[in-house]
Each structure stands twice: as structure tokens, then as C-alpha cells.
Amino acid sequence: MAYSLPSHPFNFLLLTLNLIDYTSLYEHLAVSPLESWLDVLPVQIQQAFDSKRHGDLDEWMLTLKAFPRVQPSSIDLNSSVIRVGTPGDISPRDREALEQALQSFHPWRKGPFDLFGIHIDTEWRSDLKWDRLSGAISPLAGRRVLGIGCGSGYHCWRMLGAGARLVIGIDPYLLYVIQYQAIRNFIGDVPAYVLPLGIEDLPENLEGFDTVFSMGVLYHRRSPFEHLLRLKDLLRVGGELVIETLVIEGDEDAVLVPEDRYAKMRNVWFIPSPAALTKWLKRSGFKDVELVDVTSTTTEEQRSTAWMRFESLTDYLNPENPSQTLEGYPAPRRAILIAKR
Ligand code: SAH
């Protein structure tokens, strides 16, 4: 199948910088059930970069371009810390330059990563979430996987490490795409990609992924059923959904709709109980719905660090009663469910 980048003045700059080259992704898609996505994807990616082209993006791209060229002697995608290279692979001068460049991509929310001994201690210990789900989901070996709202792509690396044949993460926030690219720069052209797209940008009836992850996204959507139906539509028949979201305690009709903010977040719409989410999934046509885990978020899992210097969980909780948010709602508790299409 033939595809080409649209002609556009910015192409010149992007191609010259050659920082985010998705050619190998397009080659993978061309021989997959997702082939029809190629009709729109290159243009969508181009438009996403163009529409968000501003001072920061240009700066980030130049920073990426100026990364020291270092070959990692080892890569570990199967441990809590995504580890690329060792301190011995890099000169002290390059290490300092790289650390400064990585710090300029602040805030780092999802991780952790270790690049040549530079430990990126992210706001979230995303490995803890991975530990809660990895034993319960269908093994990823050989599967084509989509991660919606993947942030920096930490879990995308874990999916690749687990043997997935193709991993595609999407996140509309460009800084996270850049953070992903910063790691990928040293890992190489492997079949794991993060694209600057939102779920609303995905074409209908793709029906081509073996596993779809929606983690930390449902409560940001204004229409939960529309989200669940979109997720179903991305899966092949028999494919697996892994969904993670904020939950409250309660029966199958228990749902919290915050009056305004929840834990200082403006964009939280629906927080169901695990039983309610189970019912929603069944109502949306999913089968074999299974609750895998319910865990209250701790300040060990989510906290401010040198790599995320803004407020974090402690600042969102009532100091007199940390079982409640500042607004008086139940403190964050999250559930993981799996289901089949
Ligand atoms: N999945 C990761 C990150 C969750 S944070 C994890 O579980 O750790 C939620 C992410 O969703 C953010 O990175 C945010 O940028 C992204 N997001 C926001 N709106 C989105 C949309 N419309 N489509 C896809 N992702 C979105």
C-alpha cells in the first residue's frame, strides 16, 4: 500500500529535523488489520504537530536534536525502572548535557526511567499499576496493542517488553510525545510508537487491536458510554479491553459526579463504583467482565519529585482527614477491569 506525507511548508522543517519519523509504523500498519488507518493517519499526525506548533514545540525539538549521541550497552524494558544504558556508556560532560535536556521536558509524570544512570523519578510510580494488572491480562506476546492516553509512554515500553508485536500509544499532549521520543532516541526504531492524537481522532470501525488499554482516561470523558463504545470499536472480535479508572465504593448504581472539582481537577465527570462500571461494560456489549484490582492511591505512588515539581496527591487531600479530597469527596481509589469484545 502506498502512502505519502502531505505537502506542507512545515514538512521541510520536520523532515530536516527528522526527529519523529513514523515510516516504520506505516510499514507495520500496511500489513495489518489496521491498514485502513493509513488513509488518514499521516495527515493527522502532521496536522497535530502543525496545529500545536509554538515556541515550546520548536524548543523541544531542537533540544531533542541536540541530544548527545550515545549507544546504550543494555536496555531493560521488563523491570520497574525502564533502564537504558549504564553510567559507563556516557562521558560526564554528555551526561550533564543530557540531564539538563531531560529536565527541560518537565513535568515528568509517568515513569520511572533511568538513562545512563540519570534517574528520572517521575510523579507516578507507574510500575505499581503495571504490577497490579500484568498477571491478570491476556499475555501480550504477538499482540497488536493500543494505549489510549498513554502519557510519556511508560506502559508502552512495558507492553513491548512483554512481547507485543506492535504497540501504539496515543496522547494529545505534545510534551508527553516528546518525552517518549527522548527515550526512544536511545532505544532505536522498535515497534512501539506514541502518536499526538486523542481518542476522538481515531477512525471508526478500526476493529484491529488485540488489546486496548484505557487507563486514567474514562473519568476525563464527558460521556462514559460513548468512550466504552469507542473502545469496543477499536478491538477485534475476541480482543481484550483493560480499563483503569477512579472508583468509589458502592453498588451497581453508585456514581459520583463531582459538583465542580475533584482533587483539584476540573475535568472529572463520572466516578462509578466497580459494580457500576461492570454494568456499564456489559451494557456496552462487552463480555467476560472481570474486576482485577481495587487500590487506594498512596503518596508513595503519586508525589512531587525533582522531575515533577508541581503539586501532587498530598496537596489534593484534606490535611485533617486524608481519606477525603480537599472538596470532601472520597480520596482517590482506582480499579482495573478487563473485558472481552
Ligand atoms: N495511561 C497512563 C496515563 C493516564 S493520565 C496511566 O495510566 O498511567 C491521562 C492521560 O490522558 C494524559 O496523559 C492526558 O494527556 C491524556 N488524554 C487527555 N485527553 C485525552 C483524549 N481525548 N484522548 C486520549 N488521551 C487523552
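Residues numbered from 1 in each chain as written. Predicted model: local features only at pLDDT ≥ 70, side-chain atom pairs only at ≥ 80, totals over all residues. Heavy atoms only, no water.

Draft legend 1. How the structure looks around the overall build of the protein chain. For the protein chain, the count of helices and strands is 11 helices and 17 strands. For 341 residues, the compact-globule estimate of 2.2 N^0.38 gives 20 Å, and the protein chain sits close to it at 20 Å. Across its three principal directions, the C-alpha atoms of the protein chain cover 55 × 50 × 35 Å. For the protein chain, the accessible surface area stands at approximately 14,900 Å², while carbon and sulfur atoms represent 49% of it. Separation of charge centres in the protein chain, based on 35 positive and 44 negative side chains, amounts to 2 Å. (Helix = DSSP H or I, 4+ residues; strand = E, 2+ residues; numbered from the N terminus. Rg over C-alpha atoms; globule rule 2.2 N^0.38 Å. Areas by Shrake-Rupley, 256 points an atom, 1.4 Å probe, with all protein chains shown as cover. Lys, Arg positive; Asp, Glu negative; His and termini not counted. Charge placed at Lys NZ, Arg CZ, Asp CG, Glu CD.)

Draft legend 2. Highlighting the sheet that holds strand 4 (residues 113-115). One open sheet holds the 4 strands; their spatial order is 1-2-4-5, and the pairing between them is mixed. Looking at strand neighbours, the two that pair on one side only are strand 1 (75-76) and strand 5 (118-120), the edges of this open sheet. The sheet contact formed by strand 1 and strand 2 (residues 82-84) spans 2 bridges and is antiparallel. Looking at the pairing, Asp-76 lines up with Arg-83 of strand 2. (Pairing = 2+ DSSP bridges.)

Draft legend 3. The arrangement of the site of the ligand in detail. Surrounding the ligand, one finds 17 residues, the nearest of these being Lys-129, Gly-149, Asp-171, Ile-199 and Met-215. One of the backbone N or O atoms of Met-215 is found 2.9 Å from a nitrogen atom in the ligand. Surface burial for the ligand is 84%, taken as the share of its 570 Å² of free accessible area covered by protein chains. More than half of the atoms of the ligand fall within 2 Å of the grid points belonging to the largest pocket. Residue classes in the shell around the ligand are distributed as 7 nonpolar, 5 polar and 5 charged. (Near = heavy atom within 4 Å. Polar contact = N/O pair within 3.5 Å; in protein donor to acceptor, adjacent residues only side chain to side chain. 1 Å grid on protein atoms, 1.4 Å probe; cavity = no way out; pocket = protein on both sides within 12 Å on 5 of 7 lines; lining within 4 Å. Sits in = over half its atoms within 2 Å of the grid points. Nonpolar A, V, L, I, M, F, W, Y, C, P; charged D, E, K, R; others polar.)

Draft legend 4. Main features of the environment of Phe-186. Positionally, Phe-186 belongs in helix 8 (residues 174-187). Between the C-alpha atoms of Phe-186 and Gly-85, which are 101 residues apart in sequence, the distance is 8.5 Å. When near neighbours in sequence (up to four residues on either side) are disregarded, Phe-186 contacts Phe-67, Pro-68, Val-70, Pro-72, Ile-75, Val-84, Leu-98, Leu-115 and Phe-116. (Contact = heavy atoms within 4.5 Å.)

Draft legend 5. Fine view of the packing of helix 9 (residues 224-234) against helix 10 (residues 274-283). Viewed as axis vectors pointing N to C, helix 9 and helix 10 meet at an angle of 55 degrees, and their least axial separation amounts to 10 Å. It follows from the interaxial angle that helix 9 and helix 10 lie oblique. Helix 9 and helix 10 meet at a crossing whose hand is right-handed. Facing helix 9, whose interface residues are Pro-224, Phe-225 and Leu-228, helix 10 presents Trp-280, Leu-281 and Arg-283. (Axes fitted to C-alpha atoms, helices over the stretch in contact; angles between N-to-C directions. Parallel < 35°, antiparallel > 145°, perpendicular 65-115°, else oblique. Left-handed = near helix turned anticlockwise from the far one by under 90°.)

Draft legend 6. Fine view of empty space enclosed by the protein. Inspection of the entire model under this criterion finds 1 cavity of 30 Å³ or more. Estimates place the volume of the largest cavity at around 30 Å³. Lining of the largest cavity is provided by Ile-20, Asp-21, Tyr-22, Tyr-180, Gln-181, Arg-184, Tyr-193 and Val-194. Elements with a minimum of two residues in the lining of the largest cavity: helix 8 and strand 9 (192-195). (Points joined across faces, edges and corners; volume = space filled by probe spheres on them.)

Draft legend 7. Broad picture of the sheet that holds strand 10 (residues 209-215). Pairing is mixed across the open sheet formed by 7 strands, whose spatial order is 9-8-7-10-11-17-14. Edge positions in the open sheet fall to strand 9 and strand 14 (287-296), since each of these has one partner strand only. Strand-to-strand twist of the sheet, defined as the mean angle between neighbouring strand axes without regard to direction, takes the value 15 degrees. Helix 7 (residues 154-161) rests against strand 7 (144-148), strand 8 (166-170), strand 9 and strand 10 of the sheet, and its axis sits at about 170 degrees to strand 8.

Draft legend 8. Here's a closer look at the packing of aromatic side chains. Throughout the structure, instances matching the rule amount to 13 aromatic pairs. Ring plane angle 80 degrees and centroid distance 6.3 Å describe the contact between Trp-37 and Phe-209, whose orientation is recorded as edge-to-face. Placement of the pair is Trp-37 in the loop between helix 2 (23-30) and helix 3 (41-51) and Phe-209 in strand 10, with a sequence separation of 172 residues. This pair shows no difference in class: Trp-37 is buried, exactly as Phe-209 is. With centroids separated by 6.0 Å and ring planes inclined at 70 degrees, the aromatic side chains of Phe-113 and Tyr-154 adopt a geometry described as edge-to-face. In this pair, Phe-113 is assigned in strand 4 and Tyr-154 in helix 7, connecting sequence segments 41 residues apart. Of the two residues, Phe-113 and Tyr-154, neither departs from the other in class, the shared state being buried. Three or more aromatic residues link up through ring pairs in this structure, and these residues are Phe-67, Phe-105, Phe-116 and Phe-186. Directly above the ring of Trp-124 sits Lys-129, whose terminal nitrogen or CZ lies 5.9 Å from the centroid. (Phe/Tyr/Trp six-rings, centres within 6.5 Å; stacked < 30°, edge-to-face > 60°. Buried < 20%, exposed > 50% of the residue type's maximum accessible area, 1.4 Å probe, protein only. Lys NZ or Arg CZ within 6 Å of the ring centre and 35° of its normal.)

Draft legend 9. Representation of the pairing of strand 16 (residues 321-325). Pairing of strand 15 (residues 317-318) with strand 16 involves 2 bridges; the strand directions are antiparallel. Looking across to strand 16, one finds that Leu-317 is bridged to Thr-325. Linking two consecutive strands that pair antiparallel, namely strand 15 and strand 16, is a turn of 2 residues.

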